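Listed below, chain by chain, are the residues.
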Amino acid sequence: MSTATDRVRRWRLVLGGDGAGPGLTDAQLSEEDSGVDAVLAALYDKPDEEASGGPRSANLGASAPRVARWLGDIRRYFPSTVVQVMQRDAVDRLGLTRMLLEKELLSAVEPDVHLVGTLLSLNGVLPEETKETAREVVRKVVTELEERLAERTRAAIRGALDKASRTHRPRPGDVDWARTIHANLKHYSPELRTIVPEKLIGFGRRQQAVQRDVILAVDQSGSMAESVVYSGLFGAVLASMRALKTSFVAFDTEVADLTEHLADPVDVLFGTQLGGGTDINRAIAYCQGLVERPERTLLVLISDLYEGGDEEELLHRIAELAGAGVQVVTLLALSDSGAPSYDHENAAALAELGIPAFACTPDQFPDLMAAAIRGDDLQSWAARESS
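To start, this report covers the structure provided alongside it. (Residues numbered from 1 in each chain as written. Predicted model: local features only at pLDDT ≥ 70, side-chain atom pairs only at ≥ 80, totals over all residues. Heavy atoms only, no water.)

### Some thoughts on the pattern of salt bridges
- Applying the stated criterion to the full structure yields 13 salt bridges.
- Where arginine 293 meets aspartate 213, a salt bridge forms, and the shortest distance between an N and an O atom there is 3.2 Å. Residue arginine 293 is found in the loop between helix H12 (280-290) and strand S6 (297-302), and its partner aspartate 213 is found in strand S3 (residues 212-219); the two are separated by 80 residues along the sequence.
- Of the residues examined, arginine 293 reaches a relative accessible area of 28% and is grouped as partly exposed.
- One salt bridge connects arginine 317 with glutamate 313, and the closest N-O pair in it is separated by 2.7 Å. (Salt bridge = Lys/Arg side-chain N within 4 Å of Asp/Glu carboxyl O. Helix = DSSP H or I, 4+ residues; strand = E, 2+ residues; numbered from the N terminus. Buried < 20%, exposed > 50% of the residue type's maximum accessible area, 1.4 Å probe, protein only.)

### Structural notes on the packing of aromatic side chains
- Scanning all chains against the criterion turns up two aromatic pairs.
- Here the aromatic rings of phenylalanine 234 and phenylalanine 365 are separated by 4.4 Å at their centres, their planes lie at 40°, and the arrangement is tilted. With phenylalanine 234 in helix H10 (residues 225-239) and phenylalanine 365 in helix H15 (residues 365-374), this residue pair connects regions lying 131 residues apart in the sequence.
- Seen from their ring centres, phenylalanine 358 and tryptophan 381 are 6.0 Å apart, and the 45° between their planes marks the pair as tilted. (Phe/Tyr/Trp six-rings, centres within 6.5 Å; stacked < 30°, edge-to-face > 60°.)

### So, the packing of helix H7 (residues 113-121) against H10
- Interhelical geometry of H7 versus H10 gives an angle of 100° and a closest axis separation of 9 Å. On the basis of their axis angle, the class for H7 and H10 is roughly perpendicular. For the pair formed by H7 and H10, the contact residues are Val113, His114, Val116, Gly117 and Leu120 on the first element and Ala225, Glu226, Val229 and Tyr230 on the second.
- A class-by-class count of the residues in the contact of H7 with H10 yields six nonpolar, two polar and one charged. (Axes fitted to C-alpha atoms, helices over the stretch in contact; angles between N-to-C directions. Parallel < 35°, antiparallel > 145°, perpendicular 65-115°, else oblique. Contact = heavy atoms within 4.5 Å. Nonpolar A, V, L, I, M, F, W, Y, C, P; charged D, E, K, R; others polar.)

### Topic: the sheet that holds strand S4 (residues 244-251)
- Strands sit in the order S5-S4-S3-S6-S7-S8 across an open sheet of six strands; the sheet is mixed. Either end of the sheet is taken by a strand with one partner, and the two such strands are strand S5 (255-257) and strand S8 (357-360). Geometrically, the sheet is characterised by an average inter-axis angle of 25° between neighbouring strands, direction not taken into account.
- Here S4 pairs with S5 via three bridges, running antiparallel. (Pairing = 2+ DSSP bridges.)

### Here's the deal with a nonpolar patch on the surface
- Taken together, the side chains of Trp177, Ile181 and Leu185 make up a nonpolar region of the molecular surface, amounting to roughly 320 Å² of accessible area.
- Along the chain, the position of tryptophan 177 falls in helix H9 (residues 177-183). (Patch = residues over 30% accessible without salt bridge, like charges linked within 9 Å, V, L, I, M, F, W, Y side chains within 5 Å. Areas by Shrake-Rupley, 256 points an atom, 1.4 Å probe, with all protein chains shown as cover.)

### Focus on unusual backbone geometry
- Positive phi, normally seen in glycine, also occurs at leucine 305, with a value near 70°.
- By the element assignment, leucine 305 lies in the loop between S6 and helix H13 (311-323).

In short, geometric facts, not functional conclusions.
This is how it looks when you write it as C-alpha cells:
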C-alpha cells in the first residue's frame, strides 16, 4: 500500500463515515478495516439524527449479545492499552455500566486500574452472581500490580530500616566491615600494613519488635478511585512486613478501619465504598486514637484535601500530631494520572505547618516510604522527583 493511500485510509478510520467527506470513501477500506470502522462507529459515531450537532449517544444497541460481540471485536482489533481506553469511554460516554453488572459481559473486559475503580464504585449494586466475577477481575489487576511493585517496596523499606538503625558504636558481631573499611581508607598505616579503623560503622542489632507504626488514611471519595486501588495494594504489602505495624483507615463522611483485611488486598478494596462526601477531620481524629508511639509513627494521609468537615479543627489535629512527634505526609494522589485537582488552600495551610503535600506515582511510593523512614527532607525529595 502506498504512503498516500495509507494516509487516506487512516484519515477515513479517524473521521468515520459521516465525517469523512467525498474524498474519503469506504472504497479505501479492506475487510479488516471495515471491521475496525464498525467497532469505532459503534462507540464514537453520532446517530443520523444527531449528525448536525448535539451530544454523542450510545450506538451499541440494547442487547447484551451485541455488547459482548463489541467487546470481543475491540480485543481483536486493538492492543490491550487501547482496549482499556475504549472500555472506559464506553462506560463514561455511553453509560454502559451494564457491562459491569452482567457476569458474561464483565468476564469479557480487559482488566485495568480504572476498571477496578469503577467496579468498586458499583460494589453496592453488583448482582450476587456477578460479584465473584468482579473479584476475579480485581484480583487479576492486583496480582499484576504486586508483581510490579511489591518486592521493590519491601526492599526499599528494609534498606531504610537498616540504615536508620545503624550505629557508630556497634557490637563486634554487628560491624558492617565493608562500610567501615571504606570510611577508614585514609587511616591506612604503612608501618602496621593495615587500616586503623578510627570509626566503626555497624548495623543496629536485628530487632524482632516492630520498628515503625504506619497509618494509611485513605480518602475514598469518588475522585480518589485510582488512589484507593494503589493504597489497598501498598497497605497489604506494608502489612506483610514484620518490622512495620500497619493500619489502613478508609474514609468519606464515615470512617472504616480495614486493618483486619490487610492479609488480602482484594478484601481491602471491596471493603471500601467509593463515592460520597469527605470528612477528613473525622478520619484524622480516629487516626489519633491509633497512635501509641508518636515518635515512631508515620501517618500518610492520601486525599485531595477537599474537606466537607471542620477545616480549622482538621489543621489543629494535624498540628497536634506533628507536635507530638508523628511524621505526617499528605499525598494528593497516589496514581499514574498526573497532577490531581486538590484544595490549594488546605495544602498551603499544611505546608505552613511543615507538612509536605504532593502527588506521588505508584512507582515513586517505595522510595517515598524509604525516605520518610530515613528521616529525609520530603519536600526536597518531592522536588527532585518532579524535576
